[in-house]
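Geometric and topological summary
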Amino acid sequence: MAFGQDLRRARAIMWKDLTTERRSKAGFNAVAFLGVLILLLFGFALGPDTEALREAAAGALWLAILFSGVLAFNRSYQLELDGGALEPLLLYPAPRWTIFAGKFGANLLFVLLVEAIVVPVAIILFQVKSTTGWGSAAGVMVLGSIGFVTLGTFYASMASRSRAREVLLPLLLFPMLIPVLLASVESSNALLAGNPMRDAGAWVQLLVAFDVIFVVASFLAFDHVIEV
Amino acid sequence: MNTSEHSALKLEGLARRFGVRWALRGVTLEVRPGEVVGIMGHNGSGKSTLLRVIATVLRPSAGDGWVFGNHLVRNAVDVRRHIGFLAHSPGLYEDLTAAENLRFAAQMFGVAESGIPFVLERVGLGNAQDERVRGFSAGMQRRLALARLILGSPKLLLLDEPYNNFDAQGIQLVNEVIQEARRGRGGALVVLHDRRQGEHVLDRVAELGHGVVVGVSAGATPLSLVSAGGMTH
């Protein structure tokens, strides 16, 4: 009963964040544009060599998502700080994990929507062909995004109290993201290169393990992070 | 927990430190059910910090506190069920409409959304319920924040300069909300700069100075320093 009520609270936070984002529009457009821009820059830097472009595709795509996604995480808490709404949010009779769950859900959907724009651009720009089907690659994208968004949402809450949060968040987040980034890029590469799942499987398993660890740890620790 | 047998608020040596600076240095205070207590003091005396600690937004660095028998740290979620905090900043979402802000609050409070139109009418925003808060004046935002507070049906009101940005009608509305809490055997802690603003509703006034209660007075009588009887320096 109480758990169901808490889930409804998390859903309310998610709805509030997404509605606010949808109406302001500026955030999504900027993040998606930055993602595409990073891909273009990688494309220019790598030159016209088709083979080199294909080999770099997964790494370039994940870095584009990481760099652009950081903007989204900062905005997620900026919404609360702008109008002084963080305190009222903390005052509702709900366990703190509901706030994390709501913001995680909103950020995950946001990042997946950005990926829906950035991934097709990467496929065209880097001339990527999948021999194992796009379904597996999409699954890896979702798994990688879960790990990325979990840590991003967690560290954004930590950095949100700092005046230098725009600088602090990447400094806190990127070192922690190395395992997720590595597992995501390697499993994406293995799938796009046509290797059967037994090659990519180990990386996917690692990615799942990181996701589970990060999700559980973030939910447990969030209570202490959000306290003033 | 049966809350009827407890004080609305009981603080024992409550302290809070920011870095090396003590904002509160041991506040002992009790608000009985049905009582409205004013808090006064100079800028930086710790009034707003006191409300934020009671509201569980800030953890106390030392001391204890209970809201209707619920400990401020150990039973923080239960404390939040009983309190309604009206802060300086309205804390609204500017890209949501007035009704959407209250719908979100109702879902977070876990109360029915059917009361939203009534509450909006009560605070005089019935005609503006579908307008985004971004276009609201400071007074309208304050009214909406008050509507959110009413929606939660709190037993203990924590009001930080509640009359700011309100016209005469708004001030009367604030006083009505305080009187309702009193009649419901709840309580209120009201931070004021000018004691005349709350003279019709206050039962006692406690004066804060440098993070401690330095004096209390009953009703509208002049403030007098006390040396004992629940005061801690």
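Keep in mind it's a predicted model, so treat the numbers as computed, not measured. (Residues numbered from 1 in each chain as written. Chains lettered and ligands numbered in written order. Predicted model: local features only at pLDDT ≥ 70, side-chain atom pairs only at ≥ 80, totals over all residues. Heavy atoms only, no water.)

1. Description of the overall build of chain A
The following threshold applies: Numbering of helices and strands runs from the N terminus, with a helix taken as a DSSP run of H or I at least four residues long and a strand as a DSSP run of E at least two residues long. C-alpha atoms define the radius of gyration, and 2.2 Å times the number of residues to the power 0.38 defines the globule rule. Here the term buried applies to any residue with accessible area under 20% of the maximum for its type, exposed to any over 50%, and partly exposed to those in between, with areas from a 1.4 Å probe on protein chains only. In this description, accessible areas are obtained by the Shrake-Rupley approach with a 1.4 Å probe, and a residue is regarded as covered only by the protein chains that are shown.
Counting its secondary structure elements, chain A contains 8 helices and 0 strands. Element order for chain A, N to C, with α for helix and β for strand: α-α-α-α-α-α-α-α. A compact globule built from 228 residues should have a C-alpha radius of gyration of about 17 Å, and chain A, at 18 Å, falls within 12% of that. Taken along the three principal axes of its C-alpha coordinates, chain A extends 55 × 35 × 30 Å. The burial tally for chain A puts 50% of its 228 residues in the buried class. Accessible surface computed for chain A: about 10000 Å², of which carbon and sulfur atoms make up 71%.

2. Side note on the pairing of strand 8 (residues 187-191) of chain B
Residues and elements named next belong to chain B. Definition in use: At least two DSSP bridges between two strands are required for those strands to pair.
In terms of burial, strand 8 is a largely internal element, 5 of the 5 residues being buried. Of the two faces of strand 8, the one lined by Gly 187, Leu 189 and Val 191 and the one lined by Ala 188 and Val 190 are each fully buried. Where strand 3 (residues 35-41) lies against strand 8, 5 bridges are found, and the strand directions are parallel. Among the inter-strand pairings, Val 36 is bridged to a residue of strand 8, identified as Ala 188. In the sheet, strand 7 (residues 156-160) pairs with strand 8 via 5 bridges, with the strands oriented parallel.

3. Quick look at the sheet that holds strand 4 (residues 62-67) of chain B
Residue and element names in this part refer to chain B. Where we set the bar: What makes two residues a contact is simply this: any of their non-hydrogen atoms within 4.5 Å. Interaxial angle, 0 to 180 degrees, is taken between N-to-C directions of lines fitted to C-alpha atoms, where a helix line uses only the stretch in contact.
Pairing in this open sheet of 4 strands is antiparallel, and the strands run 2-1-4-5 from one edge to the other. What marks the edges here is a single partner per strand, and that holds for strand 2 (21-31) and strand 5 (70-71). Pairing of strand 1 (residues 9-18) with strand 2, which is carried by 8 bridges, proceeds in the antiparallel orientation. Following the sheet pairing, Arg 17 is matched in strand 2 by Trp 22. Along the sheet face, helix 1 (residues 47-54) touches strand 1, strand 2 and strand 4 and points at about 115° away from the line of strand 1.

4. Here's the deal with the confidence of the model for chain B
Residue and element names in this part refer to chain B. Note the following rule: pLDDT: the predictor's confidence for each residue, scored from 0 to 100.
Taken residue by residue, chain B gives an average pLDDT of 89. The fraction at 70 or more is 91%. For chain B, the element scoring lowest by mean pLDDT is strand 11 (residues 224-225), at 40; helix 3 (residues 98-109) scores highest, at 97. Residue range residues 220-233 is modelled with pLDDT below 50. Its contacts to residues more than four positions away, or to other chains, number 32 contacts.

5. Description of the packing of helix 6 (residues 134-159) of chain A against helix 7 (residues 165-192) of chain A
Residue and element names in this part refer to chain A. The criterion, for reference: Working definition: roughly parallel below 35 degrees, roughly antiparallel above 145 degrees, roughly perpendicular at 65 to 115 degrees, and oblique for all remaining angles. Left-handed describes a crossing in which the near helix is turned anticlockwise from the far one by less than a right angle; the clockwise case is right-handed. Polar here means any residue other than Ala, Val, Leu, Ile, Met, Phe, Trp, Tyr, Cys and Pro, which are nonpolar, and Asp, Glu, Lys and Arg, which are charged; Gly is therefore polar.
At a minimum axis distance of 9 Å, the contact between helix 6 and helix 7 shows a crossing angle of 165°. If you check the angle between helix 6 and helix 7, you find them roughly antiparallel. With respect to the hand of their crossing, helix 6 and helix 7 are arranged in right-handed fashion. Residues belonging to the contact of helix 6 with helix 7 are distributed by class as follows: 18 nonpolar, 7 polar and 1 charged.

6. Some details on the interface of chain A and chain B
To keep things clear, this is the line we draw: Put simply, buried area is the surface a 1.4 Å probe can reach on two separate parts but cannot reach once they are joined, added for both. Only one rule defines a salt bridge in this text: a Lys or Arg side-chain nitrogen within 4 Å of an Asp or Glu carboxyl oxygen. Counted as a polar contact is a pair of N or O atoms within 3.5 Å, where, for protein atoms, one must be capable of donating a hydrogen and the other of accepting one, and residues adjacent in sequence contribute only when both atoms are in side chains.
Counting residues at the interface gives 28 residues for chain A, matched by 28 residues for chain B. A buried area of about 2700 Å², summed over both sides, lies between chain A and chain B, and 59% of it is on carbon and sulfur atoms. For chain A, the biggest contributors to the area lost against chain B are Arg23(A), Leu91(A) and Tyr92(A); these three give 26% of the whole. Counting the contacts that link chain A with chain B gives 2 salt bridges. For Glu87(A), the salt bridge goes to Arg52(B), with nearest N and O atoms at 2.5 Å. Scanning the region where chain A abuts chain B turns up 9 residue pairs in polar contact (both at pLDDT 80 or more). Counting only elements with at least two residues in the side of chain A that touches chain B, the list comes to helix 1 (2-24), helix 3 (50-82) and helix 4 (86-91) of chain A. Looking at which element gives the most residues to the side of chain A that touches chain B, the answer is helix 1 of chain A, with 10 residues. Taken together, the residues of the side of chain A that touches chain B sort by class into 14 nonpolar, 7 polar and 7 charged.

7. Notes on the pattern of salt bridges
Tallying each qualifying case throughout the model produces 19 salt bridges over all chains. Between Glu94(B) and Arg134(B) there is a salt bridge, and its shortest N-O distance comes to 3.4 Å. Within this pair, whereas Glu94(B) is found in the loop between strand 6 (83-86) and helix 3, its partner Arg134(B) is found in the loop between helix 4 (116-122) and helix 5 (138-151), the two being separated by 40 residues in sequence. Here the salt bridges do not stand alone but share partners, grouping Lys16(A), Asp17(A), Glu80(A) and Lys103(A) into one network.

8. Comments concerning the environment of Gly26(B)
Residues and elements named next belong to chain B. In this fold, Gly 26 is placed in strand 2. Residue class for Gly 26 comes out buried when judged on its relative accessible area of 5%. The spatial distance from the C-alpha of Gly 26 to the C-alpha of Arg 103 is 39 Å, given a sequence separation of 77 residues.

9. Overview of the layout of surface pockets
All names here are of chain A. Keep this limit in mind: Put simply, the grid is 1 Å and covers the protein atoms alone, a cavity is a trapped set of points that fit a 1.4 Å probe, a pocket is an open set with protein on both sides within 12 Å along at least five of seven lines, and lining residues have an atom within 4 Å of a point. Grid points are joined across faces, edges and corners, and a volume is the space filled by probe spheres set on the points.
Considered as a void within the structure, the largest pocket measures approximately 270 Å³ in volume. Lining the largest pocket we find 18 residues, and of these Leu 61, Val 119, Trp 134, Ala 137 and Met 141 sit closest to its centre. Going through the elements one at a time, helix 3, helix 5 (97-125), helix 6 and helix 7 are the ones with two or more residues in the lining of the largest pocket. Looking at which element gives the most residues to the lining of the largest pocket, the answer is helix 5, with 6 residues. The class makeup of the residues in the lining of the largest pocket is 16 nonpolar, 1 polar and 1 charged.

10. Focus on unusual backbone geometry
Backbone geometry at Phe68(B) places phi at a positive 50°, although glycine is not the residue there. Position of Phe68(B) among the secondary structure elements: in the loop between strand 4 and strand 5.

11. What about empty space enclosed by the protein?
In the structure shown here, the tally under the stated rule is 3 cavities of 30 Å³ or more. By volume, the largest cavity is sized at about 190 Å³. Lining the largest cavity we find 16 residues, and of these Leu91(A), Gly84(B), Phe85(B), Phe109(B) and Arg148(B) sit closest to its centre. Sorting the residues of the lining of the largest cavity by element identifies helix 4 of chain A together with strand 6 and helix 5 of chain B as the ones contributing at least two each. Tallied by class, the residues present in the lining of the largest cavity amount to 11 nonpolar, 3 polar and 2 charged. Each pocket or cavity is described by its volume, and for the second largest cavity that value is around 90 Å³. If you trace the second largest cavity, you find it lined by Asp17(A), Leu18(A), Glu21(A), Ala72(A), Arg75(A), Ser76(A), Leu79(A), Ala106(A), Asn107(A) and Phe110(A).

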